[in-house]
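Notes for the structure review
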Protein chains: 2
Amino acid sequence: MDRVEFRRRIMAANDAAAAALRPRFASSGTLVVDVVSSPGAGKTSLLEATARRAPDSLRLGAVVGDIATELDADRLRAAGMPAHQIVTGGACHLDARFVTDALDATDLLPLDVLFIENVGNLVCPASYDLGEDFKVALLSVAEGDDKPFKYPAIFARASVTLITKIDLLGAAPFDLGKAIQQIETLNPEARIIPTSIATGAGMETWWELLESELEAKRPAHATS
Amino acid sequence: MDRVEFRRRIMAANDAAAAALRPRFASSGTLVVDVVSSPGAGKTSLLEATARRAPDSLRLGAVVGDIATELDADRLRAAGMPAHQIVTGGACHLDARFVTDALDATDLLPLDVLFIENVGNLVCPASYDLGEDFKVALLSVAEGDDKPFKYPAIFARASVTLITKIDLLGAAPFDLGKAIQQIETLNPEARIIPTSIATGAGMETWWELLESELEAKRPAHATS
């Protein structure tokens, strides 16, 4: 078996596990969001801010992937979001079986929104279906405005890209228009939101997007 | 063949290719440095600054890995460093066979220093021996001071860690002492240099380190 065939089998096994997750999420009415970025682009900070913005009536939860440490799940729990840390050992991304095992080991579901905070890696997580409704990519201003074309897979696949840390515009060289143009070239349908946790910029737009996705997800009987 | 066995075979094939690179580098007297970081931590900027600092008599060159685009090799050539771009397609790291193919396809060698600029990824490149003399890890202040413990493999393995963009200290929350302590815990022998391309901080220390590694590499006949 060569490398291509081995990879095909890995992806097929992942797709099967993701396909088994979808009815599980559907039956609990859960909106599932896979959050992907480089290390330090602000995934955990985004989820902390989202937990603080959400009304108490909305059930949010997270599974969080990291190579090592429980730091991120600790931060989310402190912000009021139930969270389960997946310590991947060496794995550079989450796959659908990691998510399945995490859900089996916990009583996180049912939830209104499940966030899957992926391992900090702009490459490997792009290929893996986790049964999510959509992927969100984060690109930090500090990373530079040339990154979408250099790491095209995730920006082509993510329905939403948040350009984070825009409070650093000026301190770090970054042409916002150039980055947006690259993302739009890769994915003409993408929603692109410039944000800053430090100033709150864009956070209300992010929140409204989540609310509208939740609304679209509501079962028909709830609106009839 | 299961996943563990497949990974063992991949690593064995890589180690064999790396072992074949070492005599090639030794016969040309080339110091080889594998540069690893997250996307946007400043690998290309570091090499640009190094090219500008080096005397004309020193032969520097680079092979540069990216998922897509030739942007980084273009930047290095513009800074006066011969560079060959390896477009990995989807691969999330360079392996020793990519480097071998790049050297076979070019006349880069002989060089005094060959930089291998890895794909922007703090996870996968840590495992791969590229026949280098040492690995340099870059950690940007914008990524946050908790990253060494979250991505321990590369900081344990890199002989040198540059903490980059220290001009952003103050603009981005980052405890320099905390980051240094984590790196030292993972690797008590590590050389740690806080740097900024914007202000030039630490660049002379980086340059002196390179010079001293070059001196240590000189063949015995040159000093006898």
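Residues numbered from 1 in each chain as written. Chains lettered and ligands numbered in written order. Predicted model: local features only at pLDDT ≥ 70, side-chain atom pairs only at ≥ 80, totals over all residues. Heavy atoms only, no water.

**Thoughts on the side chain of B:T100**
Within the fold, B:T100 resides in helix α4 (residues 96–105). What B:T100 contacts, discounting residues up to four positions off in sequence, is B:A17, B:L21 and B:R24. (Helix = DSSP H or I, 4+ residues; strand = E, 2+ residues; numbered from the N terminus. Contact = heavy atoms within 4.5 Å.)

**As for the pattern of salt bridges**
Per the counting criterion, the structure on display carries 32 salt bridges over all chains. One salt bridge in this structure joins B:E48 and B:R75, with 3.0 Å as the shortest N-O distance. Remark: B:R75 occurs in helix α3 (residues 71–78) and B:E48 occurs in helix α2 (residues 43–53); sequence separation between them is 27 residues. The exposure class assigned to B:E48 is buried, which follows from its relative accessible area of 13%. For B:E70, the salt bridge goes to B:R77, with nearest N and O atoms at 3.7 Å. Judged by its relative accessible area of 40%, B:E70 falls in the partly exposed class. A relative accessible area of 38% means that B:R77 is categorised as partly exposed. Overlapping salt bridges, with partners in common, bring together A:E5, A:R8 and A:R9 in one network. (Salt bridge = Lys/Arg side-chain N within 4 Å of Asp/Glu carboxyl O. Buried < 20%, exposed > 50% of the residue type's maximum accessible area, 1.4 Å probe, protein only.)

**Topic: the environment of B:A26**
Residue and element names in this part refer to chain B. Along the chain, A26 turns up in helix α1 (residues 3–27). Of the residues examined, A26 reaches a relative accessible area of 53% and is grouped as exposed. Expressed as a C-alpha distance, the spacing of A26 and K217, which sit 191 residues apart in the sequence, is 9.1 Å.

**Considering the interface of chain A and chain B**
Across the boundary between the two partners, chain A contributes 37 residues, which contact 37 residues of chain B. In total, about 2,800 Å² of surface goes out of reach between chain A and chain B, with carbon and sulfur atoms giving 62% of it. On the chain A side of the interface with chain B, the three residues burying the most area are A:R3, A:P39 and A:K150, jointly 22% of the side's total. At the junction of chain A with chain B, the criterion picks out four salt bridges. Here A:D66 and B:K150 are joined by a salt bridge, their closest N and O atoms 3.8 Å apart. Of the residues belonging to the side of chain A that touches chain B, the class tally is 18 nonpolar, six polar and 13 charged. (Buried area = accessible area lost by both parts, 1.4 Å probe. Nonpolar A, V, L, I, M, F, W, Y, C, P; charged D, E, K, R; others polar.)

**With respect to the side chain of A:K147**
Residues and elements named next belong to chain A. Among the secondary structure elements, K147 is positioned in helix α5 (residues 147–150). In this structure K147 comes out as buried when scored by relative accessible area, which is 6%. A polar atom in the side chain of K147 sits 2.8 Å from the backbone oxygen of E143. (Polar contact = N/O pair within 3.5 Å; in protein donor to acceptor, adjacent residues only side chain to side chain.)

**What about empty space enclosed by the protein?**
All told, the structure shown has one cavity of 30 Å³ or more when counted by the stated rule. In terms of lining residues, the largest cavity is bounded by 15 residues, among which A:P39, A:S140, A:E143, B:P39 and B:E143 are the most central. When grouped by side-chain class, the residues that make up the lining of the largest cavity number six nonpolar, six polar and three charged. (1 Å grid on protein atoms, 1.4 Å probe; cavity = no way out; pocket = protein on both sides within 12 Å on 5 of 7 lines; lining within 4 Å. Points joined across faces, edges and corners; volume = space filled by probe spheres on them.)

**Details of the sheet that holds strand β6 (residues 160–164) of chain A**
Strand pairing within a sheet occurs via backbone hydrogen bonds; the two strands may be parallel or antiparallel. Residues and elements named next belong to chain A. Pairing within the open sheet is parallel, and its seven strands lie in the order β3-β2-β4-β1-β5-β6-β7. Bordering the open sheet on either side are β3 (83–87) and β7 (191–194), each of which pairs with just one other strand. Between one strand axis and the next, the sheet turns through 20° on average, direction left out of account. Sheet topology note: the β6/β7 ladder contains four bridges and is parallel. By the bridge assignment, I163 is partnered in β7 with P194. Its contacts with the sheet place helix α3 (residues 71–78) against β2 (60–66), β3 and β4 (113–117), and it is angled at close to 175° to β3. (Pairing = 2+ DSSP bridges. Axes fitted to C-alpha atoms, helices over the stretch in contact; angles between N-to-C directions.)

**Remarks on the relation of the copies chain A and chain B**
For these two chain copies, the linking operation is a rotation about an axis paired with a shift along it. The operation relating chain A to chain B is a screw motion whose rotation component is 180°, with 0.0 Å of axial translation and a residual RMSD of 0.0 Å. Such a combination of rotation and displacement between the chain copies is what one expects of a two-fold axis. By residue overlap, the copies meet face to face through one surface: 100% of the interface positions of chain A are interface positions in chain B. (Least-squares fit on C-alpha atoms with pLDDT ≥ 70 in both.)

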